[in-house]
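# A closer look at the structure
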Amino acid sequence: MAGVSAVRISIESACEKQVQEVGLDGSETYLQPLSMSQNLARLAQRIDFSQGSGSEEDEPGSAGRAWAEPGEAEDEEGLVKFQPSLWPWDSVRNNLRSALTEMCVLYDVLSIVKDKKFMTLDPVVQDPLPPKQNPQFLQLISKKKSLAGAAQILLKGAERLSKSVAENQENKRQRDFNSELLRLRQHWKLRKVGDKILGDLSYRSAGSLFLHHGTFEVIKNTDIDLDKKIPEDYCPLDVQIPSDLEGSAYIKVSIQKQAPDIGDLGTVNLFKRPMPKSKPGSPHWQTKLETAQNVLLCKEIFAQLSREAVQIKSQIPHIVVKNQIISQPFPGLQLSISLCHSSNDKKSQKSASEKQNPEDHLYVLEHNLHQLIRECHKQTLSSTVMPHPASAPFGHKRMRLAGPQAFDKNDISSLQSNEGLLEKIIKQAKHIFLRRRTARTIDSLASRIEDPQIQAHWSNINDVYESSVKVLITSQGYEQICKSIQLQLNIGVEQIRVVHRDGRVITLSHQEQELQDFLLSQMSQHQVHAVQQLAKVMGWHVLSFSNHVGLGPVESIGNASAITVASPNGDYAISVRNGPESGSKVMVQFPRSQCKDLPKGDVLQDNKWNHLRGPFKEVQWNKMEGRNFVYKMELLMAALTPC
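Identification of the chain as Mediator of RNA polymerase II transcription subunit 17 from Apteryx owenii is taken from an unreviewed UniProt entry. Taken from UniProt, the Subcellular location (unreviewed entry) comment for the chain reads in full: "Nucleus". Quoted verbatim from the Subunit (unreviewed entry) field of UniProt, the annotation for the chain is "Component of the Mediator complex."

Moving on: the packing of helix 9 (residues 363–382) against helix 11 (residues 421–448). In contact at an axis separation of 11 Å, helix 9 and helix 11 are set at 150 degrees when each is read in the N-to-C sense. Relative to helix 11, helix 9 is oriented roughly antiparallel. The crossing of helix 9 and helix 11 is right-handed. In this structure, helix 9 contributes V364, L365, N368, L369, L372 and I373 to the contact, and helix 11 contributes L421, K424, I425, Q428, A429 and I432. Across the contact of helix 9 with helix 11, the residue classes tally to nine nonpolar, two polar and one charged.

Spatially, five strands are ordered 11-12-13-14-15 in an open sheet, and the strand pairing comes out antiparallel. Two strands in the sheet have a free side with no partner beyond their single neighbour: strand 11 (453–458) and strand 15 (505–508). The average angle at which neighbouring strand axes cross in this sheet is 25 degrees, direction not considered. Pairing of strand 12 (residues 467–474) with strand 13 (residues 486–491) involves six bridges; the strand directions are antiparallel. Residue S468 lies in a different strand from strand 13, and its bridge partner there is N490. Together, strand 11, strand 12, strand 13 and strand 14 (496–499) form the strand contacts of helix 11, whose direction differs from that of strand 11 by roughly 150 degrees. This element, helix 12 (residues 512–538), spans strand 11, strand 12, strand 13, strand 14 and strand 15 of the sheet and lies at about 145 degrees to strand 15.

A separate point is the packing of helix 7 (residues 284–311) against helix 9. Between helix 7 and helix 9, the least distance of the axes is 11 Å, while the angle of their chain directions is 80 degrees. Taken as axis vectors, helix 7 and helix 9 run roughly perpendicular relative to one another. Facing N294, L297, C298, E300, I301 and L305 of helix 7, the residues of helix 9 in contact are L369, H370, I373, R374 and H377. Here the contact of helix 7 with helix 9 is built from residues that sort into six nonpolar, three polar and two charged.

Residues V19, V22 and Y30 make up a contiguous nonpolar surface patch of about 280 Å² in total accessible area. Along the chain, Y30 falls in strand 2 (residues 28–30).

On to the packing of aromatic side chains, then. Counted according to the given criterion, the structure contains four aromatic pairs. Ring geometry for W188 and F216: centres 6.4 Å apart, planes at 80 degrees, overall edge-to-face. Taken together, the residues span a long stretch of sequence, with W188 in the loop between helix 6 (177–185) and strand 3 (189–193) and F216 in strand 5 (residues 215–220) at a distance of 28 residues. Of the two residues, W188 and F216, neither departs from the other in class, the shared state being buried. A centroid spacing of 5.7 Å and a plane angle of 40 degrees characterise the contact between F330 and F433, whose relative ring orientation is tilted. Of this pair, F330 sits in the loop between strand 9 (324–327) and strand 10 (333–342) while F433 sits in helix 11; the two residues are 103 residues apart in sequence, bridging distant segments of the chain. The lysine or arginine in question, K430, covers the ring of F330, its NZ or CZ lying 5.8 Å from the ring centre.

So, on to the pattern of salt bridges. Counting across every chain of the model gives nine salt bridges. For D90, the salt bridge identified is with R93, shortest N-O distance 2.8 Å. Here the residue D90 and the residue R93 both occupy positions in helix 4 (residues 90–115), the gap between them amounting to three residues, near one helical turn. Here E180 makes a salt bridge to R183, at a shortest N to O gap of 3.7 Å. With E180 and R183 both in helix 6 and three residues apart, this pair spans about one turn of that helix.

With that settled, consider the pairing of strand 17 (residues 561–566). Burial of strand 17 is extensive: six of the six residues sit out of reach of the surface. Burial of strand 17 is two-sided: the residues S561, I563 and V565 facing one way and the residues A562, T564 and A566 facing the other way are all buried. Across five bridges, strand 16 (residues 541–546) lies against strand 17 in antiparallel orientation. Pairing of S544 across the sheet is with T564, part of strand 17. With six bridges joining them, strand 17 and strand 18 (residues 573–579) adopt antiparallel strand pairing. By the bridge assignment, I563 is partnered in strand 18 with V576. Linking strand 17 to strand 18, which pair antiparallel, is a turn of six residues; within it G570 sits at a positive phi near 85 degrees.

A separate point is helix 13 (residues 629–640). Taking 1.5 Å of rise per residue, the 12 residues of helix 13 would be expected to cover 16 Å, and the 17 Å separating its terminal C-alpha atoms lies within 8% of that figure. Taken together, the buried positions of helix 13 are F629, V630, K632, M633, L636, M637 and L640. One side of helix 13 carries all its buried residues, which in axial view fall inside an arc of 160 degrees.

With that out of the way, let us pick up the sheet that holds strand 7 (residues 248–257). Taken in spatial order, the four strands of this open sheet run 7-10-9-8, and their pairing is antiparallel. On the outer flanks of this sheet lie strand 7 and strand 8 (319–321), each paired with one strand and no other. For this sheet, the mean angle separating the axes of adjacent strands, direction not counted, is 15 degrees. Here four bridges tie strand 9 to strand 10, and the two strands are oriented antiparallel to one another. In the strand pairing of strand 10, I325 is matched with I337.

Rules used throughout
- Residues numbered from 1 in each chain as written.
- Predicted model: local features only at pLDDT ≥ 70, side-chain atom pairs only at ≥ 80, totals over all residues.
- Heavy atoms only, no water.
- UniProt positions renumbered as here; feature names shortened; annotations may be inferred.
- Axes fitted to C-alpha atoms, helices over the stretch in contact; angles between N-to-C directions.
- Helix = DSSP H or I, 4+ residues; strand = E, 2+ residues; numbered from the N terminus.
- Parallel < 35°, antiparallel > 145°, perpendicular 65-115°, else oblique.
- Left-handed = near helix turned anticlockwise from the far one by under 90°.
- Contact = heavy atoms within 4.5 Å.
- Nonpolar A, V, L, I, M, F, W, Y, C, P; charged D, E, K, R; others polar.
- Pairing = 2+ DSSP bridges.
- Patch = residues over 30% accessible without salt bridge, like charges linked within 9 Å, V, L, I, M, F, W, Y side chains within 5 Å.
- Areas by Shrake-Rupley, 256 points an atom, 1.4 Å probe, with all protein chains shown as cover.
- Salt bridge = Lys/Arg side-chain N within 4 Å of Asp/Glu carboxyl O.
- Phe/Tyr/Trp six-rings, centres within 6.5 Å; stacked < 30°, edge-to-face > 60°.
- Buried < 20%, exposed > 50% of the residue type's maximum accessible area, 1.4 Å probe, protein only.
- Lys NZ or Arg CZ within 6 Å of the ring centre and 35° of its normal.
- Expected span 1.5 Å × (residues − 1).
- Arc of directions from axis to C-beta.

So, in structure tokens, the structure goes:
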């Protein structure tokens, strides 16, 4: 082995990665090898910087061994850098050597500076000390700096705002005609005819048969210079509607007293409605087209009403004058339906402002007219022609028979009758007028007559041709015992049906006086019914009762009612007669023994006849104390009841 030359072999560490974890399925998770920087950091962490390298920290044994064996110290020069000796003057020698080194360095520096060949030394320039300043001056300087910072912030914000405004204006300029046209197509029907773009305002697609074309044209808005500042409401698109559809229109429906002269007809009190405001975010052409479409619908409604007014044969013919239709639903009353169309010119605005009188306008009937015309459109659109035989039409079998079992002309016309728009609105106007008249009559009686009290409870759910109201007649403080008069008024088109509590039905006409007389008679009967109920509570006996008395003066309104009650012991009797016009009359019958002014005769000599009641004496009812009729009657019964 000694004679063979040595061969150097490089031994490298295996490149296998360390296993971090072995899973249950046998899979191994390896750790990534450290990079050079990570390896250096790991080695640096192993160094102990707290261990000193000076001669004072070395052990004395090792120092003595190095001084005694200098040969071994030279062999281990690469391992031991410094080993202090045990010579006693060693520290003095070291200090002198370091002082000599410093003195030599100082000598060299002084010689270089003195000769000025290699280096020059200049004094350091120091800033002069600032003079002592006034604190107010310092405060002013700080405020100036803060204001300058705030000004910089404001300037930057102003620049950003100006840039955003410029960008917005640029975006507005970039809105072109095609993008606005796309928005218009989303709401309205458009078609291109030649080089024009036309739109449709009519309701033909909804079933309308009105002959007006209702066409508008879409044009470009060239009235503004894009180089100048663009207003906020600028739109590159504009619409041109027909001249007869410009402005605003509405249907005015009013019920008035009959005009004394036919020359007064046709002059409608116009009042200008405010133009509908455009919704925020919606273009101006949307409001313009909606207003024009409303004008077209109002013209269609008025044309339909005018055609029906001429064709319908009624007892009192309808009158069509200019833009007004006059009908007479009740005697002395006229229904006026007018087309009010105001354009945007100054003359129409002045005339409209001079004739403002919207108080008599019935908005309910105007709304109902719009609903009725839309129902007609729906019927026209949904009506389909069914296949029918060539010999006879569809319908009832008796319509195809001949002889005595066949329908006559009146029956056939009743089956085929179809109410028009004018007839429906006249019926609704009649009902509204009759309902208002009924409410006015009840309110006038309630305010005029305090005893008994009349109350009206109107139903919230009504029909366009019928309404109902419940009328209660009560006495104040005696509502629980006086519930006899409860009426249900069903207000129709031309008559009023009254349903009593017991189921009796009375039909009244449209005359106001007839309803007023009926309510007065019911209020008169209520007083007699209240006495009957009070007598039961007080223990008195009812001797007679009648709602229609045939004796005494005749009442001009209805009939008088009467009742006679007796005290519990039978000594006293009270007779009450109440009429709608004559009022109440109360009489009391006392026992014969208490009547001193009775003439004594020879006929009645037995004492048993003294127990009979004497003649009636009338009570001065106006001088009785009490807030109402029933309260006074209660005091009278209490006074005549024995203890």
